[in-house]
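Chains, contacts and geometry: an overview
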Amino acid sequence: MLTTSRSFNKPVNSSRFRQHVNPLASRYQQPRVPSPSVDTSWLTSNLSSPSNPYHLDIGCAKGTFCLSMSPLNPSVNYLGLEIRDPVVEYALDRRNRRKLDNCHFVSCNANVDLERVLEGINAVGGLLKTVTIQFPDPHFKEKHKKRRVVVPELVRLIGESMEKEEGVVYLASDVKEVLDEMREEFNNCDMFEDTVEGDGYLEENVNEVPTERELSVLKDDKPVWRASFRLRR
Ligand SMILES: C[S@@+](CC[C@H](N)C(=O)[O-])C[C@H]1O[C@@H](n2cnc3c(N)ncnc32)[C@H](O)[C@@H]1O
């Protein structure tokens, strides 16, 4: 598994991270998560109770959201997926320093590895309860929009794996068009229903803590667009 972390004595330097990567580049199209029939140790050796319910944070960056949430909800496993390897290394370093055993970060392209991640959770007896996709890279240019993370396949995989009664997907962005597009993808999937009727948006963050990106957007007094979905009964 590629989610290694450095020794406690050498903090990872976060100032030199690349801002954006192209998830469609061939190096990011290679699977990085093992099939559960081969290996589930990436979960079992990183979480003290791998069969507990899971929260999945897609595009977790430096992991601040999962690192803040996991001490508040010790019976939930927080799993962050992030495409940039050095950023995952940094997040793991932070987790190790805080000695958290219900939080883990996986270096992968969610559009390539989500199925194996979800199969892995299932294989260790865990259940996917909640998902967050917060402030995903907007990829503004028309020709780059196909790089956006929320695509029909990702929505279907989440719907098929999520716990029926309590499952919730929370979406947020500071770019209205990006939120609207994510929302449309979930509305297009007949497994999900929007928790907000009509054209309105969720007024508040439903989570106990904001992400790093949300904090910087709110500090600049800019709006945040939010939506959430549950599984149809
Ligand atoms: C703008 S940041 C937002 C980070 C965090 N969610 C927040 O709100 O502070 C989006 C993150 O998603 C990651 N990302 C983009 N495409 C991804 C993909 N296909 N799979 C996993 N992570 C991805 C980026 O590398 C980046 O760290």
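Residues numbered from 1 in each chain as written. Predicted model: local features only at pLDDT ≥ 70, side-chain atom pairs only at ≥ 80, totals over all residues. Heavy atoms only, no water.

Let me state the cut-off plainly: UniProt positions are given in the numbering used here, feature names are shortened, and annotations may be inferred rather than shown by experiment.
As recorded in an unreviewed UniProt entry, the protein goes by the name tRNA (guanine(46)-N(7))-methyltransferase, listed as coming from Triparma laevis f. longispina. Under the UniProt heading Catalytic activity (unreviewed entry), the note attached to the protein is "guanosine(46) in tRNA + S-adenosyl-L-methionine = N(7)-methylguanosine(46) in tRNA + S-adenosyl-L-homocysteine".

**Section: the pairing of strand β2 (residues 77–82)**
Selection rule: Think of it in three bands: residues with accessible area under 20% of the maximum for their type are buried, residues over 50% are exposed, and the middle band is partly exposed, with areas taken using a 1.4 Å probe on protein chains only. The helix and strand labels rest on DSSP assignments: H or I over at least four residues marks a helix, E over at least two residues marks a strand, and numbering proceeds from the N terminus. Two strands make a pair as long as DSSP finds a minimum of two bridges between them. When the strands point away from the viewer and the connection leading from the first strand across the helix to the second strand turns clockwise, the crossover is called right-handed.
Counting buried positions along β2 gives six out of six residues, so the element sits mostly inside the fold. Residues Asn77, Leu79 and Leu81 of β2 are buried on one face, and the alternating residues Tyr78, Gly80 and Glu82, pointing to the opposite face, are buried as well. Sheet topology note: the strand β1 (residues 54–58)/β2 ladder contains five bridges and is parallel. Along β2, the bridge assignment pairs Ile58 with Leu81. After leaving β1, the chain enters helix α2 (residues 64–72) and then returns to the sheet as β2, a path that is right-handed. Alignment of β2 against strand β3 (residues 103–107), held across five bridges, turns out to be parallel. In the strand pairing of β3, Leu79 is matched with His104.

**Notes on helix α3 (residues 85–98)**
Within an α-helix, residues lying three or four positions from one another point in the same direction, as the helix has 3.6 residues per turn. This is how it is decided: Every helix has an expected span of 1.5 Å times one less than the residues it contains. Only heavy atoms enter the contact rule, under which two residues are in contact if any of them lie within 4.5 Å.
An ideal rise of 1.5 Å per residue puts 20 Å on 14 residues; α3 measures up with 20 Å between its terminal C-alpha atoms. When you tally the buried positions in α3, you get ten out of 14 residues, the bulk of the element. Those residues of α3 that fall on the buried side of the exposure criterion are Val87, Val88, Glu89, Tyr90, Ala91, Leu92, Asp93, Arg94, Arg95 and Asn96. Of the surrounding secondary structure, the elements contacted by the buried residues of α3 are α2, β2, β3 and α7 (212–219).

**A short note on the packing of aromatic side chains**
Test applied: Ring geometry is summarised as follows: Phe, Tyr and Trp rings, the Trp one being its six-membered ring, pair when their centres sit within 6.5 Å, and such pairs are stacked at plane angles under 30 degrees, edge-to-face over 60 and tilted between the two. Geometrically, a charge over a ring is one whose NZ (Lys) or CZ (Arg) sits within 6 Å of the ring centre while staying within 35 degrees of the ring normal.
Evaluation of the coordinates by the stated rule reveals four aromatic pairs. Connected via pairs of aromatic rings, a cluster forms that spans Phe186, Phe192 and Phe229. For the cation-ring pair, Lys176 lies above Trp225, with the distance from its terminal atom to the ring centre recorded as 5.8 Å. Taking the ring centre of Tyr201 as reference, the NZ or CZ of Arg183 above it sits at 5.1 Å.

**Considering the environment of Asp101**
As for its position among the elements, Asp101 is in the loop between α3 and β3. Sequence separation between Asp101 and Asn77 is 24 residues; the distance between their C-alpha atoms is 8.3 Å. Not counting chain neighbours up to four residues away, the residues in contact with Asp101 comprise Asn46, Leu47, Ser48 and Asn77.

**Let's talk about the site of the ligand**
We apply this condition: Proximity criterion: a residue is near a molecule or strand once any of its heavy atoms comes within 4 Å of it. Any pair of nitrogen or oxygen atoms within 3.5 Å is treated as a polar contact; in protein, a donor-acceptor pairing is required on top of that, and neighbouring residues in sequence qualify only through side-chain atoms on both sides. For the accessible areas, the method is Shrake-Rupley and the probe is 1.4 Å, while residue cover comes only from the protein chains on display. Classification used: nonpolar for Ala, Val, Leu, Ile, Met, Phe, Trp, Tyr, Cys and Pro, charged for Asp, Glu, Lys and Arg, polar for all others including Gly.
In the region of the ligand, 16 residues are neighbours, and Glu82, Arg84, Asn109, Gln134 and Thr211 sit closest. The separation between a nitrogen atom of the ligand and a polar side-chain atom of Asn109 is 2.9 Å. Between an oxygen atom of the ligand and a side-chain N or O atom of Thr211, the distance comes to 2.8 Å. Alone, the ligand offers 600 Å² of accessible surface; in the complex the protein occludes 90% of this. Its residues placed into classes, the shell around the ligand shows six nonpolar, five polar and five charged.

**Remarks on the pattern of salt bridges**
Note the following rule: The term salt bridge refers to a pairing of a side-chain nitrogen on Lys or Arg with a carboxyl oxygen on Asp or Glu at a separation within 4 Å.
For the coordinates displayed, the defined rule picks out 19 salt bridges. Close ionic contact of Glu212 with Lys62 constitutes a salt bridge, the shortest N to O distance being 3.8 Å. Linking Glu212 in helix α7 with Lys62 in the loop between β1 and α2, this pair joins segments that are 150 residues apart in sequence. Lys62 gets classed as partly exposed once you look at its relative accessible area, which sits at 26%. Glu177 serves as the salt-bridge partner of Lys145, at 3.4 Å between the closest nitrogen and oxygen.

**Some points on the nonpolar core**
In plain terms, the rule: Take the buried residues of types Ala, Val, Leu, Ile, Met, Phe, Trp, Tyr and Cys, join any two whose side-chain atoms come within 4.5 Å, and each joined set is a nonpolar core.
Ranked by internal contacts, the top residues of the largest apolar core, which has 39 residues, are Leu56, Ile58, Ile133, Ile158, Phe186 and Phe192. The greatest single-element share of this core, amounting to five residues, is contributed by helix α4 (residues 110–123). Sequence-distant contacts of Ile158, defined by excluding residues within four places in its chain, comprise Ile58, Leu114, Leu118, Leu128, Val131, Val169, Phe186 and Phe192. Core analysis: the next-biggest nonpolar cluster, separate from the first, contains 14 residues, Met69, Val76, Ala91 and Leu100 among them.

**Some details on the side chain of Thr132**
Relative to the helices and strands, Thr132 resides in strand β4 (residues 128–134). A polar contact is formed between the side chain of Thr132 and the side chain of Asp57, at a distance of 2.7 Å.

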